[in-house]
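# Results of the structural survey
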Amino acid sequence: MSYLFTPPAVVSVPVVGRAERFPVHRVYCVGRNYEDHAKEMGFTGREPPFFFLKPADTVVVVNTGETGEVPYPTLTKNFHHEIELVAAIGTGGRNIAAADAMKHVFGYAVGLDMTRRDLQGDMKKQGRPWCIGKAFDHSSPIGPITPAADAGDVLNAAISLQVNGQPRQGSFVHKLIWNIAETIEHLSAAWELQPGDLIYTGTPEGVGAVVSGDLMVGSVAGLGELRVKVS
Ligand code: MN
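So, here's what we can say about the structure. (Residues numbered from 1 in each chain as written. Predicted model: local features only at pLDDT ≥ 70, side-chain atom pairs only at ≥ 80, totals over all residues. Heavy atoms only, no water.)

## Here we look at the environment of Glu82
Tracing the chain through its elements places Glu82 in the loop between strand S7 (79-81) and strand S8 (83-89). In the structure, Glu82 is positioned 33 residues away from Thr115 in sequence and 7.5 Å away in space, judged by C-alpha atoms. The residues touching Glu82, leaving out its near neighbours within four places in the chain, are His37, Gly111, Leu112, Asp113, Thr115, Arg117, Lys134, Gln169, Thr203 and Val207. Separated by 2.7 Å, the side chains of Glu82 and Arg117 make a polar contact. Reaching out from Glu82, the side chain makes a polar contact with the side chain of Lys134 at a distance of 3.2 Å. (Helix = DSSP H or I, 4+ residues; strand = E, 2+ residues; numbered from the N terminus. Contact = heavy atoms within 4.5 Å. Polar contact = N/O pair within 3.5 Å; in protein donor to acceptor, adjacent residues only side chain to side chain.)

What follows is the structure in structure tokens.
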């Protein structure tokens, strides 16, 4: 087999305690999945879960102990952080029942669903796709994946983000409107999940803007810190 040009490298995330890396297939994101974040975005109540995707090559891998870098993106004047728990799918499937869903999860990581909020807002108003607000280059920083067995009580863990040492976001994973099992049930009814899929499960309240030079430090208890600088 020969190609016209060199195919892109496989995007992969390191796994805590393992030499093998986790190759990324797709990046799914859940919208408005914490009540107080839905409210700050102008929505109330429990709506059916909804999803958007980002290309795998928007993932920015940040190794343990390192500070990743995300360039301030083009076109925006309102570049927002969204700290999220990421579920990494190890076993695929379609029409997975919530009761069976957790065995499809290989592990968990801390992620940032970076957002060009002004562009996303424009697209919402016009009823157009969110891609330009969400699925841009370098928009999906992630730390190492901790295997589920080593991740502790991650479904009840504290989740938080600081910017330049000041608290911005803080909540608990148990406040997810649609928990991870329910999310997998809904996602796998719409797409066949594959090993290597990442699910950014939604962000709690407190989203806000960052500018060049800001240092974001996110964490989910038990999974360590994700440090990312805006360059
Ligand atoms: Mn998000």
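Next comes the rest of the description.
## A word on the nonpolar core
Within the largest apolar cluster, 41 residues are counted, with the highest numbers of intra-cluster contacts made by Tyr108, Ile184, Met216 and Val220. At the level of elements, strand S3 (27-30), S8, strand S9 (105-112), strand S13 (158-163), helix H5 (180-190), strand S17 (215-220) and strand S18 (224-230) are the ones that each hand at least two residues to this core. Apart from residues no more than four positions distant in its own chain, Ile184 is found in contact with Ile89, Ile96, Ala101, Val105, Leu193 and Ile199. In terms of nonpolar packing, the next biggest core, distinct from the first, is built from 18 residues, Phe22, Val27, Ile145 and Leu198 among them. (Core = buried A, V, L, I, M, F, W, Y, C linked by side-chain atoms within 4.5 Å. Buried < 20%, exposed > 50% of the residue type's maximum accessible area, 1.4 Å probe, protein only.)

## Things to note about the sheet that holds strand S6 (residues 67-70)
Taking strand neighbours across the sheet as the criterion, the five strands line up as S6-S18-S17-S13-S14 in an open arrangement whose pairing is mixed. Edge strands, defined here as strands with exactly one partner in the open sheet, are S6 and strand S14 (166-172). Going from strand to strand, the sheet's axes swing by 20° on average, the running direction of each strand aside. (Pairing = 2+ DSSP bridges. Axes fitted to C-alpha atoms, helices over the stretch in contact; angles between N-to-C directions.)

## Looking at the packing of aromatic side chains
On inspection of all chains with the given rule, the structure shows seven aromatic pairs. Here Phe50 and Trp130 contribute two aromatic rings whose centre-to-centre distance is 5.7 Å and whose plane-to-plane angle is 90°, an arrangement assigned as edge-to-face. Placement of the pair is Phe50 in the loop between helix H1 (35-40) and strand S4 (51-54) and Trp130 in the loop between helix H3 (117-126) and helix H4 (131-134), with a sequence separation of 80 residues. Overall, the relative accessible area of 19% leaves Trp130 in the buried class. Through a chain of ring-to-ring contacts, the aromatic side chains of Tyr28, Phe51 and Trp191 assemble into a single cluster. The ring of Phe43 carries the charged tip of Arg32 above its face, separated from the ring centre by 3.5 Å. (Phe/Tyr/Trp six-rings, centres within 6.5 Å; stacked < 30°, edge-to-face > 60°. Lys NZ or Arg CZ within 6 Å of the ring centre and 35° of its normal.)

## Quick notes on the coordination of the manganese ion
Protein-derived coordination of the manganese ion comes from Glu82 (OE), Glu84 (OE) and Asp113 (OD), at a distance range of 2.0 to 2.1 Å. Counting along the primary sequence, the residues that act as donors to the manganese ion give the motif E-x1-E-x28-D. Residue Glu84 is located in strand S8, and its partner Asp113 is located in the loop between S9 and strand S10 (115-116); the two are separated by 29 residues in the primary sequence. For Glu84, a relative accessible area of 0% corresponds to the buried category. (Donors = N, O, S within 2.8 Å, 3.2 Å for Na, K, Ca; no water.)

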